[in-house]
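Fold and geometry: a report
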Amino acid sequence: MSGIASSEANQAPSKAEDCWNLRLYVAGRTPKSVLAFRNLQKLCDEHLKGRYKIEVIDLMIHPQLAQGDQILALPTLVRNLPQPLRKIIGDLSNTERVLVGLDLRRAEPER
C-alpha cells in the first residue's frame, strides 16, 4: 500500500458521470488503515472496475481536512459521488455491509 500517505489511487473512469468519487480518511499507516485501503481497493476492482477514484487523506498530515466531511472516527470512507453522500466507518472487512452502505447491493431482508 504505497499510496496511502500520498493521496490517490486511481482507476480512470470511462465517463465522468460514471465515476465513483471515494475518500478514505486514515491516521497514518496503522494496520487498520492499511487493511481499510486494501479492502476498498479490492472491492472497487471487483465492483467498480474502471469507474472509481480513491483519495486517501492522512489526518496525521492534514488534520484540518477532517472538518469538511465531519470525520469523527477512523478509518472512515466517504462516498461523494454518486450522490447522496454516504459514510462507512471501520476497516471495510465486512464486504456485504460495505456494498450495502455504498448502495452497490440491496440489504437482504431479515428472516
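Below you will find a few notes about this structure. (Residues numbered from 1 in each chain as written. Predicted model: local features only at pLDDT ≥ 70, side-chain atom pairs only at ≥ 80, totals over all residues. Heavy atoms only, no water.)

Each helix and strand counted, the protein has two helices and five strands in total. Listing the helices and strands of the protein from first to last along the sequence gives β-β-α-β-β-β-α. For the protein, buried positions account for 39% of its 111 residues. The long-range fraction of contacts in the protein, counting pairs at least 24 apart against all pairs at least 6 apart in sequence, stands at 67%. For the protein, the accessible area works out to roughly 6600 Å², and carbon and sulfur atoms hold 50% of it. (Helix = DSSP H or I, 4+ residues; strand = E, 2+ residues; numbered from the N terminus. Buried < 20%, exposed > 50% of the residue type's maximum accessible area, 1.4 Å probe, protein only. Contact = heavy atoms within 4.5 Å. Areas by Shrake-Rupley, 256 points an atom, 1.4 Å probe, with all protein chains shown as cover.)

A few words now on the environment of Ala 36. The topology assignment puts Ala 36 in helix H1 (residues 31-47). For the pair formed by Ala 36 and Leu 24, sequence separation is 12 residues and the distance between their alpha carbons is 8.3 Å. The residues contacting Ala 36, other than those within four sequence positions of it, are Leu 24, Pro 75, Gly 90, Asp 91 and Leu 92.

Further remarks concern the nonpolar core. Ranked by size, the top nonpolar core spans 19 residues in total, and within it Leu 22, Leu 24, Leu 40, Ile 54, Leu 77, Leu 92 and Leu 102 carry the most contacts. Among the elements of the structure, strand E2 (20-26), H1, strand E3 (52-58) and helix H2 (95-101) are those that each provide at least two residues to this core. Sorting elements by how many residues they give to this core places H1 first, with five residues. Setting aside chain neighbours within four positions, we find Leu 102 in contact with Trp 20, Leu 22, Leu 43, Leu 77, Arg 79 and Ile 88. In terms of nonpolar packing, the next biggest core, distinct from the first, is built from six residues, Tyr 25, Ala 66, Ile 71 and Val 78 among them. (Core = buried A, V, L, I, M, F, W, Y, C linked by side-chain atoms within 4.5 Å.)

Let us look at the environment of Arg 105. By secondary structure assignment, the location of Arg 105 is in the segment after H2. Taking relative accessible area as the criterion, Arg 105 reaches 34% and is therefore assigned partly exposed. If near-sequence neighbours (up to four positions away) are discounted, Arg 105 is found in contact with His 47, Glu 96, Leu 99 and Val 100.

This part covers the pattern of salt bridges. All chains considered together, the criterion is met by three salt bridges. Salt-bridge contacts for Glu 55 lead to Arg 23; the nearest nitrogen and oxygen are separated by 3.3 Å. On the criterion of sequence distance, the pair formed by Glu 55 in strand E3 and Arg 23 in strand E2 is long-range, its members being 32 residues apart. Among the ionic contacts, a cluster of salt bridges with common partners joins Arg 23, Glu 55 and Asp 69. (Salt bridge = Lys/Arg side-chain N within 4 Å of Asp/Glu carboxyl O.)

Looking now at the pairing of strand E5 (residues 86-89). With four bridges connecting them, strand E4 (residues 76-81) and E5 associate as antiparallel partners. In the sheet register, Thr 76 faces E5, and the bridge partner there is Ile 89. In this structure, the hairpin formed by E4 and E5 is closed by a connection of four residues. (Pairing = 2+ DSSP bridges.)

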